[in-house]
Amino acid sequence: MKNKISIDPAVKELLPIAKKNKISTVWDRYEVMQPQCGFGSLGLCCRICWKGPCRIDPFGGGPDRGICGADAHTIVARNLIRMMAAGAAAHSEHGRHVVLALWGVSRGRFSAYGIRDEKKLLSVAQKLDIETENRDTLKIAEEVALKTLEDFQNQDHQTACHWIKTVVTDNHFNKLKDLHVLPHNIDAVVCQIMGRTHVGCDAEPANVVLGGVKGALADLNGMVLATELSDILFGTPSPVVTSANLGVIKENAVNIAINGHNPLLSEVICSIAGEMNGDAIDAGAPAGINIIGICCTGNEVMVRHGVPLATNYLSQEMALITGAVDAMVVDVQCIMPSISEIGACFHTEVITTMDENKITGATHVSFSEESAGDTARRILGLAIEAFRRRDAKRVNIPDIKQTAMVGFGVESIVAALAKLDEKDPLKPLIDNIVNGNIQGIALLAGCNNTRSVQDRSFETIAKNLAENNVLLLASGCGAGACAKEGLMTMEATEKYAGESLKAVLTSIGNACGLGGPLPLVLHMGSCVDNSRAVNLATALANKLGVDLSDLPLIASAPEAMSEKAVAIATWSVAIGIPTHVGTIPQVTGSSIVTDLLTEGTRDLFGGYFIVEPDPASAAGKLMDIIRDKRKKLGI
Ligand code: SF4
Ligand code: WCC
Ligand code: FE2
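Each chain carries its own residue numbering, running from 1 in the written order of its sequence. Lettering of chains starts at A and numbering of ligands starts at 1, both following the order in which they are written. For this predicted model, a pLDDT threshold of at least 70 governs which residues receive local features, and a threshold of 80 or more governs which side-chain atom pairs are given and counted, while totals over whole chains, interfaces and linings are taken from all residues. Working from all heavy atoms in the structure, the side-chain values ignore hydrogens and water.

Chemist: For this particular structure, what's the right way to read the coordination of the nickel atom of ligand 2?
Modeler: Around a metal, the idealised angle for a tetrahedral arrangement of four donor atoms is 109.5 degrees; for an octahedral arrangement of six donor atoms it is 90 or 180 degrees. Nitrogen, oxygen and sulfur within 2.8 Å of a metal are treated as its donors, or within 3.2 Å for sodium, potassium and calcium (Na, K, Ca); water is not counted, so a site can appear incomplete. For the nickel atom of ligand 2, the protein supplies a single donor, C527 (SG), at a distance of 2.1 Å. Site shape is set this way: if four donors have all angles between 85 and 135 degrees, tetrahedral; if opposite donors are over 155 degrees apart and all others between 65 and 115, square planar for four donors and octahedral for six; otherwise irregular. Taken together, the four donor atoms coordinating the nickel atom of ligand 2 span angles of 95 to 150° at the metal, a pattern that classifies the geometry as irregular. In this structure, the nickel atom of ligand 2 is positioned 2.5 Å from the iron ion (ligand 3), and both are ligated by C527. Positionally, C527 belongs in the loop between β13 (521-525) and α23 (530-544). Each helix is a run of H or I in the DSSP string that is no shorter than four residues. Each strand is a run of E no shorter than two, and both are numbered from the N terminus.

Now the structure itself:
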């Protein structure tokens, strides 16, 4: 096979099998789609009203305005911020589900759930200025839930959402306030973006983009609350050793892949799977039930419970092509609609679970918090039934998996650092940044994209930055890529880290009793858990009394794809972080919007976009930024 597709050896092994079975995968469909529309790629196609579609001629000579009179800049800006609104809506819907679950639990409902991390509840309550002394746990939980729900309900434009204040420095909060981009209500801000981009509304490109920034910050707000409240309900991640890639599928087990994003159902599936192990064994699977994760549902249960990760977004179809996945259970976001058709080529039961996310051809088992336990049991039963239909002759599980030590939330990183300095845990990290042992911090985040070779950019950038002594954090499909590439191991640190980074990671690892260094890349969780990286960075900035934009800190989404990624990258810039994307954003049809994102935002927020598809060049540019930031700090 062409190695233009993926660096993942499991993918390479399975693609010929897909071909033999005449199964078309995401890469086949990408090829059929070529050449892709040039107008759309530049952001110059408008379908906002039925006078259109309209397109602007990027070379001049053709139309320079849409039928209504909108020019290239207006069209590009509107298209862009509608993507941000969709991203913010997706993350915030996820967050809404989680807060409603917490609210239900606090009122004695939803027996499948409980407060699993009371310590986290207390720390969250304190962050939200909620009284905790001598109060009943459920009462505190109720107040946390109600205060969080205000972020979806507040109608006072002058009062910002509660959660955003907890993740940015005070200084930056005031800056965002002065620029009128602080969200006051997630739903209202998303709604406002849809309204202002309707035909005949906001046509001033910079104003449109700033409206989008507010939506992106609403996205951040939704992600932070989703992460923090999920920790209360399901536990805060702590380091755990597990494995990644399709070799985690077991021939002698009932394999259930959980795919998507929202942990509400997958957590219950994981916790009651043991109950039905006997049934799986009776059905002829001596290893019982084997739960494996895909995409961010996978990341959620991986960092909390060490559930192995089968794969990340772009290769989700490959899990089915092993012929050994008995059920693929999906919830929301980044699920390929093709999976039902591929599942049907095998014995696999593809099960959708959220009423607002169905797929033609899949079996729908409707999820609700009230009956989550029964839903999970029904799904496990369907998987066991499907296993009985599995054709052993069609099973091809690549013998490929990597060890991965994962589960590095802020709490576990601070706990590890506390082994070096109990009273002041952030001090060793700061000291090592100041003395240059750690040159900077990078967050590797975001998707896979058929426009890139799957996972390659993550691998190249990670190795390159590590060699230059940059501490690496990862989330989402970026984390999945690093896990599959074996970068979440002590061995990777030994092999790829620069000498001084290696020494720091080794002293922390040894102090924690690991008998070796921390892994080269620290897995922080799913995409919503990007909020963990922000929390860590902001804690450092607060301690140093500087802004995020002063720190030698960068983010990279080298294979960005989704609307959620557009929202994330935008808030990353808006909170002051230089943010690399390796996919050319669909904005280059407008010089005004392009300049605003790569230059103008630097003056406004301190953060800006770096667009560089070549991963090695990107790593070089990111190192230059880190060195420059260090110089400005005088370190
Ligand atoms: Fe064309 Fe304007 Fe309608 Fe867009 S909003 S499709 S540019 S007429
Ligand atoms: Ni987040 Fe991108 Fe993965 Fe989906 S799961 S593909 S948005 S990084
Ligand atoms: Fe995700």
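After presenting the structure, the write-up continues.
Chemist: Would you explain the site of ligand 2 in this entry?
Modeler: Working definition: residue near molecule or strand if any one of its non-hydrogen atoms lies within 4 Å of it. Lining the immediate environment of ligand 2, one finds H261, C295, C296, Y313, C334, G446, C447, C477, C527, M561, S562 and K564. For this classification, the nonpolar set comprises Ala, Val, Leu, Ile, Met, Phe, Trp, Tyr, Cys and Pro, the charged set comprises Asp, Glu, Lys and Arg, and every other residue, Gly included, is treated as polar. Tallied by class, the residues present in the shell around ligand 2 amount to eight nonpolar, three polar and one charged. Formed jointly, the shell around ligand 2 draws a minimum of three residues from each of two domains, domain 3 (246-394) and domain 4 (402-633). Segmentation into domains, and thus their bounds, comes from an automatic or database assignment.

Chemist: Any chance you could explain the site of ligand 1 here in plain terms?
Modeler: Lining the immediate surroundings of ligand 1 are C46, I48, C49, K51, G52, C54, G66, I67, C68, I75, R78 and V199. Residues of the shell around ligand 1, tallied by class, amount to eight nonpolar, two polar and two charged. Structurally, the shell around ligand 1 is a two-domain feature, drawing no fewer than three residues from each of domain 1 (2-55) and domain 2 (72-234).

Chemist: Sorry, what's going on with helix α10 (residues 205-234) here?
Modeler: Owing to its 3.6 residues per turn, the α-helix brings residues three or four apart onto one side. Residue count minus one, scaled by 1.5 Å, sets the expected span of a helix. For α10, built from 30 residues, the straight-helix expectation of 44 Å at 1.5 Å per residue is met to within 8% by its first-to-last C-alpha distance of 42 Å. Within α10, 27 of the 30 residues are buried, leaving the element largely enclosed by the surrounding structure. Remark: G235 follows α10 within two positions and exhibits a positive phi of approximately 105°. Accessibility here uses a 1.4 Å probe with only protein chains present; expressed as a share of the type maximum, an area under 20% marks a residue as buried, one over 50% as exposed, and anything in between as partly exposed.

Chemist: For this particular structure, what's the right way to read the coordination of the iron ion (ligand 3)?
Modeler: Surrounding the iron ion (ligand 3) are the protein donor atoms H261 (NE2), C296 (SG) and C527 (SG), at 2.0 to 2.3 Å. Angles of 89 to 157° at the metal separate the four donor atoms of the iron ion (ligand 3), which places the site in the irregular class. Overall, the relative accessible area of 0% leaves C296 in the buried class. Using a relative accessible area of 11% as the deciding quantity, one classes C527 as buried.

Chemist: Is there a simple way to explain the pairing of β13 in this structure?
Modeler: In summary, the side chains of a regular strand alternate between the two faces of the sheet. Where burial is concerned, most of β13 is hidden: five out of the five residues are buried. For two strands to be treated as a pair, DSSP must find at least two bridges joining them. Pairing of strand β12 (residues 470-475) with β13 involves four bridges; the strand directions are parallel. Bridged to L472 within β13 is V521.

Chemist: Would you take a moment to explain the domain arrangement of the protein for this structure?
Modeler: For interface size, the figure often reported is the accessible area lost on association. When its domains are assigned, the protein resolves into domain 1 (2-55), domain 2 (72-234), domain 3 (246-394) and domain 4 (402-633). Each of domain 1 and domain 3 has a C-alpha centre, and the two are 26 Å apart. At the interface, 14 residues of domain 1 touch 14 residues of domain 3. When two parts are put together, the accessible area they lose, computed with a 1.4 Å probe and summed over both, is reported as buried area. Taken together, both faces of the contact between domain 1 and domain 3 bury some 1,000 Å²; the carbon and sulfur share is 76%. Contacts: residue pairs with any heavy atoms within 4.5 Å of one another.

Chemist: How should the side chain of E349 be read in this particular structure?
Modeler: Turning to its location among the elements, E349 is positioned in strand β8 (residues 349-352). Contacts of E349, omitting those with residues within four sequence positions, involve D326, A327, M328, T363, L382, A386 and R389.

Chemist: Please explain the nonpolar core as it appears in this structure.
Modeler: Side chains of a nonpolar character, in soluble globular proteins, are inclined to be buried together. Buried Ala, Val, Leu, Ile, Met, Phe, Trp, Tyr and Cys residues form a nonpolar core when they are joined through side-chain atoms within 4.5 Å. Core analysis: the biggest nonpolar cluster contains 152 residues, and V144, L217, I289 and L465 have the highest contact counts within it. At 13 residues, the largest contribution of residues to this core is made by α10. Core analysis: the next-biggest nonpolar cluster, separate from the first, contains 39 residues, A10, I23, I321 and V350 among them.

Chemist: Looking at this model, I keep getting lost on the packing of helix α13 (residues 295-305) against helix α20 (residues 476-484). Mind explaining?
Modeler: A pair of packed helices can be characterised by two numbers: the angle between their axes and the separation between those axes. Close contact between α13 and α20 brings their axes to 9 Å; oriented N to C, the two are set at 70°. By the angle between their directions, the pair α13 and α20 is classed as roughly perpendicular. Only G476, C477 and A483 of α20 make contact with α13, whose side of the interface consists of C295, C296, N299 and M302. Tallied by class, residues from the contact of α13 with α20 come to five nonpolar, two polar and no charged. Lines are fitted to the C-alpha atoms to define the axes, a helix being fitted only along its stretch in contact, and any angle between axes, read from their N-to-C directions, falls within 0 to 180 degrees. Just so you know how the angles are binned, under 35 degrees is roughly parallel, over 145 roughly antiparallel, 65 to 115 roughly perpendicular, and the rest oblique.

Chemist: I would appreciate a short explanation of the packing of aromatic side chains in the present structure.
Modeler: For any pair of aromatic rings, the description rests on two quantities: the centre-to-centre distance and the angle between the ring planes. Note on aromatic contacts: the rings of Phe and Tyr and the six-membered ring of Trp form a pair at centre separations within 6.5 Å, being stacked when their planes are under 30 degrees apart, edge-to-face when over 60 apart, and tilted otherwise. Applying the stated criterion across every chain, the model contains one aromatic pair. Only when the NZ of Lys or the CZ of Arg is both within 6 Å of the ring centre and within 35 degrees of the ring normal is a charge said to sit over the ring. Between K165 and the ring centre of F173, over which it is positioned, the NZ or CZ distance is 4.8 Å.

Chemist: So what exactly am I meant to see when it comes to the environment of G620 here?
Modeler: One can find G620 in helix α26 (residues 615-633). Separated by 155 residues in sequence, G620 and L465 place their C-alpha atoms 8.5 Å apart.

Chemist: Just to check I follow, could you spell out helix α8 (residues 170-178) for this structure?
Modeler: What α8 keeps buried is the set H172, F173 and L176. The arc enclosing the buried residues of α8, seen along the axis, measures out at 105°, which places them on a common side. With respect to the buried face of α8, the exposed residues turned more than 90 degrees away are D170, N171 and D178. Looking at the buried side of α8, the elements it contacts are α7 (162-167), α10, α24 (563-574) and α25 (591-605). Just beyond α8, the residue with positive phi is H180, at close to 60°. In this context, the arc is that of the directions from the helix axis out to the C-beta atoms.

Chemist: When you look at unusual backbone geometry in this model, what are you seeing that I'm missing?
Modeler: If a residue is not glycine, its phi is most likely negative; likewise, a peptide bond is most likely trans. The amide bond that connects Q34 to the next residue, P35, takes the cis arrangement and shows omega of -5°. For the peptide bond that leads from G52 to P53, omega is 10°, which places it in the cis range. If you trace the backbone, P53 turns up in the loop between β1 (45-46) and β2 (54-55). Despite not being glycine, K22 shows a phi value in the positive range, around 55°. Inspection of the secondary structure assignment puts K22 in the loop between α1 (9-20) and α2 (26-32). Its relative accessible area of 77% is what places K22 among the exposed residues. For N469, which is not glycine, the phi dihedral falls at a positive 65°. With respect to the helices and strands, the residue N469 is situated in the loop between α19 (456-467) and β12.

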